[in-house]
Amino acid sequence: MAAVILAVKVLRKKRSTKYNLDAVIEDLERTKTHPKVLIQIPMYNEKEVYKLSIGAVCGLQWPADRLIVQVLDDSTNQVLRELVELECHKWMQKGVNVKYETRRNRNGYKAGALKEGLEKQYVEDCEFVAIFDADFQPEADFLGRRFLIFFRTQSWVWLRRDGNSVLNSEECMMTRLQEMSLDYHFSVEQEVGSSTYKFFGLMVRTAGVWRIQAIKDAGGWKDRTTVEDMDLAVRASLQGWEFVFVGDVKVKNELPSTFKAYRYQQHRWSCGPANLFKKMTKEILFCQRVSLFKRLHLVYAFFFVRKIIAHWVTFFFYCIVIPACVVVPEVSLKKQIAIYIPATITILNAVSTPRYLVSESSVKFIVPLSYVNHSTFTYIWDRSMHLLVLWILFENVMSLHRTKAAIIGLLEANRVNEWVVTESLEMP
């Protein structure tokens, strides 16, 4: 992945930048043929952020008659439900087409709410659906920038959660370390998946735009795992739909600020993929609609290596083998294994994550600055470089919880479908 992302950065050959955006915007303005877009906001007892999320979505720059905002409120607090409904009515009076939807039960949790939302009669005319969790706040031009291109060419687009848009990154050390990890995930893993395989499967729901036909072709939302977004993405990919990652548009969002909340989130994100791998391996291997290469990539590289083996190797190597070499004299490792391999992996991760680990002065010695996109490259060496060691230790500690969660997912143990909603804070 390091080689691919360096090639993407140096050659500036992102799939999201190969289309003529100005021509598409000019054509839309001339013909007034904006596609009809549905915006879904699933929420559950979001008393701290419901006003911010609804307000941000209702402020999107898009023709009012071509936009529907659907608030899917599964809150169990009746007082809060009334407040959310009141907020929706406030925007209705301003001319925004807001639909407030509730359910008598929470069957399927978020996946169930999204599924029922798409079944409403007023959605039939919508061509696209954009989804924002309650702690996400899109910029006003979210729909009017690069997404205009893909409204006519692609199935759906993922908008990365850019580091500058994390509302509570300075709240504590843990949110800073999460910010670094997420930047690698989006800047490297998602970009590489988009550039090479036209697929990436984690966190592809919120702040993303789907073509509704792609969701229908894939069989709709399913609640069989805790990663309903990955489940849908894999099934849509098997139907031949292609994905595009757009990394230069920002959406404000919030990270878990307590270790307990982060641990529950990581359990869901590690257990779910392992459980989905168990349920979909046969379906992927025998699917004839996509190439053998892509099927092998999904089963081996995407699921088996990255979602299962990576956690186990990190845990056993860094948390058991290396410590054992230090405290037990009889246990020893060759220098190449104990030092060179971990150092190489760390350096590749660092080089591949320029936002936090590469300074402008260091880039001068790698590529000419004329090849660097300054709108997406922010050089803040002084801000996070000193946290590199803590970041590595933090990720090694989390590998214990991720390994445990992956095993639970494979064995379908008691906590396989555990879903604890991440608490949100009221951020400005």
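Residues numbered from 1 in each chain as written. Predicted model: local features only at pLDDT ≥ 70, side-chain atom pairs only at ≥ 80, totals over all residues. Heavy atoms only, no water.

**So, a nonpolar patch on the surface**
(1) Moving on: On the surface, Met-173, Val-389, Leu-390 and Leu-393 cluster together into a nonpolar patch covering about 370 Å² of accessible area.
(2) Moving on: A per-element tally of the nonpolar patch places helix α16 (residues 388–411) first, with three residues. (Patch = residues over 30% accessible without salt bridge, like charges linked within 9 Å, V, L, I, M, F, W, Y side chains within 5 Å. Areas by Shrake-Rupley, 256 points an atom, 1.4 Å probe, with all protein chains shown as cover. Salt bridge = Lys/Arg side-chain N within 4 Å of Asp/Glu carboxyl O. Helix = DSSP H or I, 4+ residues; strand = E, 2+ residues; numbered from the N terminus.)

**Some thoughts on the nonpolar core**
(1) Moving on: Among the nonpolar cores identified, the biggest contains 31 residues, and Ile-39, Ile-54, Val-71, Val-84 and Phe-132 are the most heavily contacted of them.
(2) Moving on: Elements with a minimum of two residues in this core: β1 (37–43), α3 (50–58), β2 (67–73), α4 (78–92), β3 (98–102) and β4 (128–131).
(3) Moving on: Those residues within four positions of Val-71 in sequence are excluded, and the remaining contacts are Ile-41, Met-43, Ile-54, Val-84, Cys-88, Val-98, Lys-99, Tyr-100 and Glu-101.
(4) Moving on: Counting residues in each nonpolar core, the second largest holds 22 residues, with Leu-38, Ala-111, Ile-131 and Leu-232 among its members. (Core = buried A, V, L, I, M, F, W, Y, C linked by side-chain atoms within 4.5 Å. Buried < 20%, exposed > 50% of the residue type's maximum accessible area, 1.4 Å probe, protein only. Contact = heavy atoms within 4.5 Å.)

**Observations regarding the environment of Phe-245**
(1) Moving on: Here Phe-245 lies in strand β8 (residues 243–246).
(2) Moving on: Overall, Phe-245 belongs to the buried group, its relative accessible area being 1%.
(3) Moving on: Between the alpha carbons of Phe-245 and Gly-208 there is a distance of 9.3 Å; along the sequence they are 37 residues apart.

**Section: the side chain of Glu-87**
(1) Moving on: Assignment of secondary structure puts Glu-87 in helix α4.
(2) Moving on: Residue Glu-87 is classed as buried on the basis of its relative accessible area of 6%.
(3) Moving on: One polar contact links Glu-87 to Lys-90, side chain to side chain, over a distance of 3.1 Å.
(4) Moving on: Residue contacts for Glu-87: discarding those within four places in its chain leaves Tyr-50, Lys-51 and Ile-54. (Polar contact = N/O pair within 3.5 Å; in protein donor to acceptor, adjacent residues only side chain to side chain.)

**What to know about the environment of Gly-55**
(1) Moving on: Structurally, Gly-55 is set in helix α3.
(2) Moving on: For Gly-55, a relative accessible area of 19% puts it in the buried group.

**Topic: the pairing of β4**
(1) Moving on: Neither face of β4 is exposed, since Phe-128 and Ala-130 on one face and Val-129 and Ile-131 on the opposite face are all buried.
(2) Moving on: Summarising the sheet, β1 and β4 pair through four bridges and their orientation is parallel. Of the residues in β4, the one forming a bridge with Val-37 is Phe-128.
(3) Moving on: Where β4 meets strand β7 (residues 208–211), three bridges bridge the pair, whose relative direction is antiparallel. Each residue of the ladder has a partner; that of Phe-128, found in β7, is Arg-211. (Pairing = 2+ DSSP bridges.)

**Digging into the confidence of the model for the protein**
(1) Moving on: In the predicted model, the protein carries a mean pLDDT of 78, and 69% of its residues have values of at least 70.
(2) Moving on: Note on residues 157–164: pLDDT under 50 across the span, and 49 contacts to partners over four residues away in sequence or across chains.
(3) Moving on: Counting contacts from residues 354–382, a segment whose pLDDT is below 50, to residues more than four positions away or on other chains yields 52 contacts. (pLDDT = per-residue confidence, 0-100.)

**Focus: α4**
(1) Moving on: Taking 1.5 Å as the rise per residue, α4 with 15 residues should run 21 Å; its terminal C-alpha atoms sit 21 Å apart, in good agreement.
(2) Moving on: By the burial criterion, the buried members of α4 are Leu-80, Arg-81, Val-84, Glu-87, Cys-88 and Trp-91. Around the axis of α4, the buried residues are gathered within 125 degrees of arc, so they sit on the same side. Along α4, exposed side chains directed more than 90 degrees from the buried face belong to Val-79 and Leu-86.
(3) Moving on: For α4, the secondary structure elements touched by its buried residues are β1, α3, β2 and β3.
(4) Moving on: Regarding α4, its N-cap is Asn-77, as a side-chain oxygen of that residue lies 3.0 Å from the backbone nitrogen of Val-79 further along. (Expected span 1.5 Å × (residues − 1). Arc of directions from axis to C-beta.)

**A word on the packing of helix α10 (residues 259–285) against helix α11 (residues 292–327)**
(1) Moving on: It is at 10 Å that the axes of α10 and α11 come closest, and there the two elements cross at 155 degrees. Classified by the angle their axes make, α10 and α11 are roughly antiparallel. Between α10 and α11 the crossing geometry is left-handed. Here Ser-270, Pro-273, Ala-274, Leu-276, Phe-277, Thr-281, Ile-284 and Leu-285 of α10 come into contact with α11, specifically with Arg-295, Leu-298, Val-299, Phe-303, Phe-304, Lys-307, Ile-308 and His-311. (Axes fitted to C-alpha atoms, helices over the stretch in contact; angles between N-to-C directions. Parallel < 35°, antiparallel > 145°, perpendicular 65-115°, else oblique. Left-handed = near helix turned anticlockwise from the far one by under 90°.)

**Concerning the pattern of salt bridges**
(1) Moving on: Summed over the entire model, instances satisfying the criterion amount to twelve salt bridges.
(2) Moving on: Across the salt bridge formed by Arg-224 and Asp-231, the nearest N and O atoms sit 2.8 Å from each other.
(3) Moving on: Residue Arg-224 is classed as partly exposed on the basis of its relative accessible area of 24%.
(4) Moving on: For Asp-231, the salt bridge is made with Arg-235, and the minimal N-O distance between the two is 2.8 Å. Taken together, the residues Asp-231 and Arg-235, both in helix α9 (residues 228–238) and four residues apart, mark about one turn of the helix.

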